[in-house]
Amino acid sequence: MKRILVIGATSAIAEAVARLWAGQGHSLYLVGRDGERLQAMAADLQVRGAATAAWATLDVSRFERHASMLDAAAEALGGIDIALIAHGVLPDQKACERDADLALQALAVNALSVISLAGQLANRLELQGSGTIAVIGSVAGDRGRQSNYVYGTGKAAVATFLQGLRNRLHRRGVSVLTIKPGFVDTPMTAGLRKGALWATPASVATGIVKAIERRADVVYLPGFWRPIMLAIRMVPERVFKRLGL
Ligand SMILES: NC(=O)c1ccc[n+]([C@@H]2O[C@H](COP(=O)([O-])OP(=O)(O)OC[C@H]3O[C@@H](n4cnc5c(N)ncnc54)[C@H](OP(=O)(O)O)[C@@H]3O)[C@@H](O)[C@H]2O)c1
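Residues numbered from 1 in each chain as written. Predicted model: local features only at pLDDT ≥ 70, side-chain atom pairs only at ≥ 80, totals over all residues. Heavy atoms only, no water.

Caption draft 1: Spatial organisation of the overall build of the protein chain. Summing up its helical and strand segments, the protein chain has 9 helices and 7 strands in all. Residue pairs in contact within the protein chain that sit at least 24 positions apart in sequence constitute 73% of those at least 6 positions apart. For the protein chain, the computed accessible surface area is about 11900 Å², with 54% contributed by carbon and sulfur atoms. Across the protein chain, the 29 positively charged side chains and the 19 negatively charged ones have centroids separated by 9 Å. (Helix = DSSP H or I, 4+ residues; strand = E, 2+ residues; numbered from the N terminus. Contact = heavy atoms within 4.5 Å. Areas by Shrake-Rupley, 256 points an atom, 1.4 Å probe, with all protein chains shown as cover. Lys, Arg positive; Asp, Glu negative; His and termini not counted. Charge placed at Lys NZ, Arg CZ, Asp CG, Glu CD.)

Caption draft 2: Summary view of a nonpolar patch on the surface. Judged by side-chain polarity, Leu90, Met188 and Leu192 come together as a nonpolar surface patch covering roughly 240 Å² of accessible area. Tracing the sequence through the fold places methionine 188 in the loop between β6 (174–181) and α7 (201–213). (Patch = residues over 30% accessible without salt bridge, like charges linked within 9 Å, V, L, I, M, F, W, Y side chains within 5 Å. Salt bridge = Lys/Arg side-chain N within 4 Å of Asp/Glu carboxyl O.)

Caption draft 3: Main features of the nonpolar core. In this structure, Trp21, Leu30, Leu45, Leu84, Ile179 and Ile208 are the most contacted members of the largest nonpolar core, which totals 36 residues. For leucine 45, the contacting residues outside a window of four places in its chain are Ala18, Arg19, Ala22, Leu28, Leu30, Ala50 and Ala53. In this structure, Ile7, Val60, Ile80 and Leu165 belong to the second largest nonpolar core, which totals 30 residues. (Core = buried A, V, L, I, M, F, W, Y, C linked by side-chain atoms within 4.5 Å. Buried < 20%, exposed > 50% of the residue type's maximum accessible area, 1.4 Å probe, protein only.)

Caption draft 4: Layout of the sheet that holds strand β2 (residues 27–32). Within the open sheet, the 7 strands sit side by side as β3-β2-β1-β4-β5-β6-β7. Their pairing is parallel. In this open sheet, the two strands that pair with only one neighbour each are β3 (52–57) and β7 (218–221). Direction aside, the axes of adjacent strands within the sheet are offset by 15° on average. Direction of pairing for β2 relative to β3: parallel, over a ladder of 6 bridges. Among the inter-strand pairings, valine 31 is bridged to a residue of β3, identified as alanine 56. (Pairing = 2+ DSSP bridges. Axes fitted to C-alpha atoms, helices over the stretch in contact; angles between N-to-C directions.)

Caption draft 5: Looking closely at the environment of lysine 194. With respect to the helices and strands, lysine 194 occurs in the loop between β6 and α7. Linking lysine 194 and phenylalanine 183, residues 11 residues apart in sequence, is a C-alpha distance of 8.5 Å. Those residues in contact with lysine 194 that lie beyond four places of it in its chain are Asp185 and Thr189. Within the structure, the side chain of lysine 194 is placed 2.9 Å from the backbone oxygen of threonine 189, a separation counted as a polar contact. (Polar contact = N/O pair within 3.5 Å; in protein donor to acceptor, adjacent residues only side chain to side chain.)

Caption draft 6: Looking closely at the pairing of strand β4 (residues 82–85). Alternating residues of β4 divide into Ile82 and Leu84 and Ala83 and Ile85, and every residue in both groups is buried. Pairing of β4 with strand β5 (residues 131–136) involves 4 bridges; the strand directions are parallel. Paired with alanine 83 across the two strands is isoleucine 133, which belongs to β5.

Caption draft 7: Fine view of the site of the ligand. Neighbouring the ligand are 26 residues, the closest being Thr10, Arg33, Tyr151, Val184 and Thr186. Take histidine 87: an N or O atom from its main chain is 3.1 Å from an oxygen atom of the ligand. A distance of 2.8 Å is found between an oxygen atom of the ligand and a backbone nitrogen or oxygen belonging to valine 184. Burial of the ligand by the surrounding chains reaches 90%, relative to a free accessible area of 880 Å². Of all elements in the fold, only α1 (12–23) and α6 (149–169) reach the threshold of two or more residues within the shell around the ligand. (Near = heavy atom within 4 Å.)

Caption draft 8: Main features of the environment of serine 68. Its location among the elements puts serine 68 in helix α3 (residues 66–77). For serine 68, the side chain forms a polar contact with the main-chain oxygen of arginine 65, separated by 3.2 Å.

Caption draft 9: Spotlight on the side chain of serine 113. Secondary-structure assignment places serine 113 in helix α5 (residues 100–128). Serine 113 sits in the buried class, given a relative accessible area of 0%. A polar atom in the side chain of serine 113 sits 2.8 Å from the side chain of histidine 87. Sequence-distant contacts of serine 113, defined by excluding residues within four places in its chain, comprise Val60, Phe63, His66, His87 and Ala108.

Caption draft 10: Seen up close, the packing of α5 against α6. For the pair α5 and α6, interaxial distance at closest approach is 8 Å and the crossing angle is 10°. Our classification of the angle between α5 and α6 gives roughly parallel. α5 and α6 meet at a crossing whose hand is right-handed. Every residue of α6 that contacts α5 at Ala103, Ala106, Leu107, Asn110, Ala111, Val114, Ile115, Ala118, Gly119, Ala122, Asn123 and Glu126 is listed here: Val150, Tyr151, Thr153, Gly154, Ala157, Val158, Phe161, Leu162, Leu165, Arg168 and Leu169. (Parallel < 35°, antiparallel > 145°, perpendicular 65-115°, else oblique. Left-handed = near helix turned anticlockwise from the far one by under 90°.)

The following block contains the structure:
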């Protein structure tokens, strides 16, 4: 039985992961903004087999509340074996270009809050000498594109931060997983046209659980995104800047 903290638990992807963990009989602590949804989710996860399912509300942009949330989670679970950080926002790129404040707000949620939470979790798990920090990033962080570079910047910052954490914690028994989904059909992408490359939250969730179990470093989900992003990263900048992506 693992003791698992899920931050951004009401996200469609996180909920699908939590359902798999509940079915395996783990203890869950759910953190999100919407208390009613968290309460309903906790009840559902217990029916699905979770050993325990507690919850707490947090707006992750309230950085000053991160430490007390982590204290409460560690106390309720009796320690943390796995922490999944899943929250995120997909800002309107054009609106961010017009208004720098909007870009900064998106970066506060997608990058700064994640850096704060993952950094504090790292210190705790390092002391403990065990555990996994798993963070949902995105293929969008692998290369800046005109259509969504504010979102991509947040994900890229987190990916680099996690590389450093992984390097620091490798000898301390703590694994750090960067999860890079491609297009996933969730409320975040409700307004986008769907196509062949789209995945479901359930299939991505299966990949996340497996990657955590094998203590992977970086996982692309579905896996076909790894060669796609390798090819995209290899395009020379003098060519890439001319593309309408
Ligand atoms: N969908 C995709 O195509 C895709 C692709 C690559 C990566 N991702 C990443 O996958 C993760 C999960 O997203 P999703 O696709 O499952 O979308 P989602 O269902 O819209 O989930 C986004 C979650 O982030 C939470 N959130 C946003 N701002 C918050 C804040 N200030 N404080 C606390 N929680 C906040 C939302 O909470 P509320 O319910 O309260 O709004 C929601 O639970 C995100 O990190 C996203 O960037 C998604």
